[in-house]
Amino acid sequence: MFTLPQKESRAPATCPGSASTQDLDSNYGDGLERECSRKPDRKMLEFCGAGDPTAMLSSGSSYLSSRGGVIKWFWDSAEEGYRTYHTDEYDEDKNPSGIINLGTSENKLCFDLLSSRLSQSDMLRVEPSLLQYPDWRGHRFLREEVARFLSFYCKSPTPLKPENVVVLNGCASLFSALATVLCEVGEAFLIPAPYYGAITQHVYLYGNVRLVCVYLDSEVTGLDTRPFQLTVERLEMALQRANSEGVKVKGLILINPHNPLGDIYSPGELRNYLEFAKRHELHVMVDEVYMLSVFEKSAAYCSVLSLEGLPDPQRTHVMWATSKDFGMSGLRFGTLYTENQDVATAVASLCRYHGLSGLVQYQMAQLLRDRDWINQVYLPENHARLKAAHTYVAGELQALGIPFLSHGAGFFIWVDLRKFLPEATFKEEMLLWRRFLDNKVLLSCGKTFECKEPGWFRLVFSDKAHRLCLGMRRVRQVLGGKSQVAEEPHSCQTQEPRSQRR
């Protein structure tokens, strides 16, 4: 079944995905923090794994189709938190008591580096071919640079091929396009939960594709286990459950490094998941959008494209974008790498609606080929700033005695606030989320990631020191039972790389 927002905030036992975990528009950030504002008295509406669920929701408008009504519903029902933030956004000078956003996963630490590089003269070129319709897969010069870039940074054993590259305007479009071309209406993907909840909407709105949650928990059962660990056994159980409910599963979605857990899959784990998918003839969509945001040297990252001999290369599809690793979530550049030419061609056909302008394609090719700047300037400084910000927030959480998970990758810490809930329910989780918002700090609550344990929150640390410091002060006030909004803490300092200080 497919469920829309529900009255009781329990994790459904056999739910192939929940529409309560959507991002409405990638241009507005990841948007998950908005979902926590859903009214607890919304009725559950369940959709079977086949057929047309849009017929079960009234559009509420005589101007819209039933499908249009569902699309509008996603926007209307999930807007409160983010809208509140944008009407009262923190500004150091103009609105120092405004809302601090620690909920949207954006890297705000390296604008100075990016602005300097993107402003250089080699970034602007205007010629007829860039102003005309391109090859819908992307200009050849860009796909060649993407292939070289991924070959190097993914440590591919053999050079990747430009003909296997498709360029779109972000990973949201990639999820949507892949779901549409790989699945029939009502079919589903397996996805480990908690997961980046915007994917639910990405695969549903165009393709009417569901998600079957592979629910993970925080319990550690042995020396070789970790919280929220994905195993092949859990994948098998989720697949069997879906089959027993008549839901056709066509693929598996993996996020590596993981959002929101920050987990990094080992080469052995990746191969086990891919072998599972091959046994059941499942496609695997691998989201590696944080692959260059691993800031701890001890955290060894392995791309799927680095594996010798993929178990099923025709059903393995890898996506990456500049939105996270290069702090360009507003630029909208994403890329797919797949050896399946039927899939590449079908996705490329949808690039008519999700393509990039020629001028942006030229800029991206220039950026990706500038290996000296990436390796010697951007990545070292970005990693240093991420680590400094992470160290500060982790220290604040430790001082408060708050458990958390973090693996040295991504922009966020998975924080355990269960002890601050009077009862272990998602209603109490939402009330805590609202107390944060009322005290002018925006976080993302666990339900938006389809976490089955109430009380987990994602806290984004990839922001400048003064905003982080003020945000954490407000977090402390909420958890300490205070209600007033903190004023700007002029004396607060965090350790930042020297080049970031002003």
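Here goes a summary of the coordinates provided. The structure presented is a predicted model; accordingly, all values stated were derived computationally and were not measured. (Residues numbered from 1 in each chain as written. Predicted model: local features only at pLDDT ≥ 70, side-chain atom pairs only at ≥ 80, totals over all residues. Heavy atoms only, no water.)

### A closer look at the overall build of the chain
Looking only at helices and strands, one finds 14 helices and 15 strands in the chain. Put simply, the chain has 502 residues, and 60% of those count as buried. Here the contacts in the chain between residues at least 6 apart in sequence split such that 75% fall between residues at least 24 apart. Working note: accessible area of the chain is about 20,200 Å², and carbon and sulfur atoms make up 50% of it. (Helix = DSSP H or I, 4+ residues; strand = E, 2+ residues; numbered from the N terminus. Buried < 20%, exposed > 50% of the residue type's maximum accessible area, 1.4 Å probe, protein only. Contact = heavy atoms within 4.5 Å. Areas by Shrake-Rupley, 256 points an atom, 1.4 Å probe, with all protein chains shown as cover.)

### Re the sheet that holds strand E15 (residues 456–460)
One key point about sheets: their strands pair by backbone hydrogen bonds, in either a parallel or an antiparallel sense. With antiparallel pairing, the four strands of this open sheet are ordered in space as E11-E12-E15-E14. Single-partner strands in this sheet number two, and they are strand E11 (404–405) and strand E14 (444–445). Against the sheet, helix H13 (residues 426–438) touches E14 and E15, its axis set at about 30 degrees to E15. (Pairing = 2+ DSSP bridges. Axes fitted to C-alpha atoms, helices over the stretch in contact; angles between N-to-C directions.)

### Quick word on the sheet that holds strand E5 (residues 188–193)
If you trace the seven strands from one edge of the open sheet to the other, you get E4-E10-E9-E8-E7-E5-E6, paired in mixed fashion. Each end of this open sheet is capped by a strand with a single partner; those strands are strand E4 (165–168) and strand E6 (210–215). The average angle at which neighbouring strand axes cross in this sheet is 25 degrees, direction not considered. Along the sheet face, helix H4 (residues 140–153) touches E4, strand E9 (316–321) and strand E10 (334–338) and points at about 110 degrees away from the line of E4. Sheet strands in contact with helix H10 (residues 341–354) are E4, E9 and E10, and its direction is about 20 degrees off that of E4.

### Focus on the side chain of Asp-463
Inspection of the secondary structure assignment puts Asp-463 in the loop between E15 and helix H14 (465–479). On the basis of relative accessibility, which here comes to 5%, the residue Asp-463 falls in the buried class. Looking at Asp-463, its side chain comes within polar contact range of the side chain of Arg-467, at 2.6 Å. Excluding residues that lie within four positions of it along the chain, Asp-463 makes contacts with Asn-101, Lys-108, Leu-109, Ala-389 and Leu-468. (Polar contact = N/O pair within 3.5 Å; in protein donor to acceptor, adjacent residues only side chain to side chain.)

So yeah, pure geometry; function would need other evidence.
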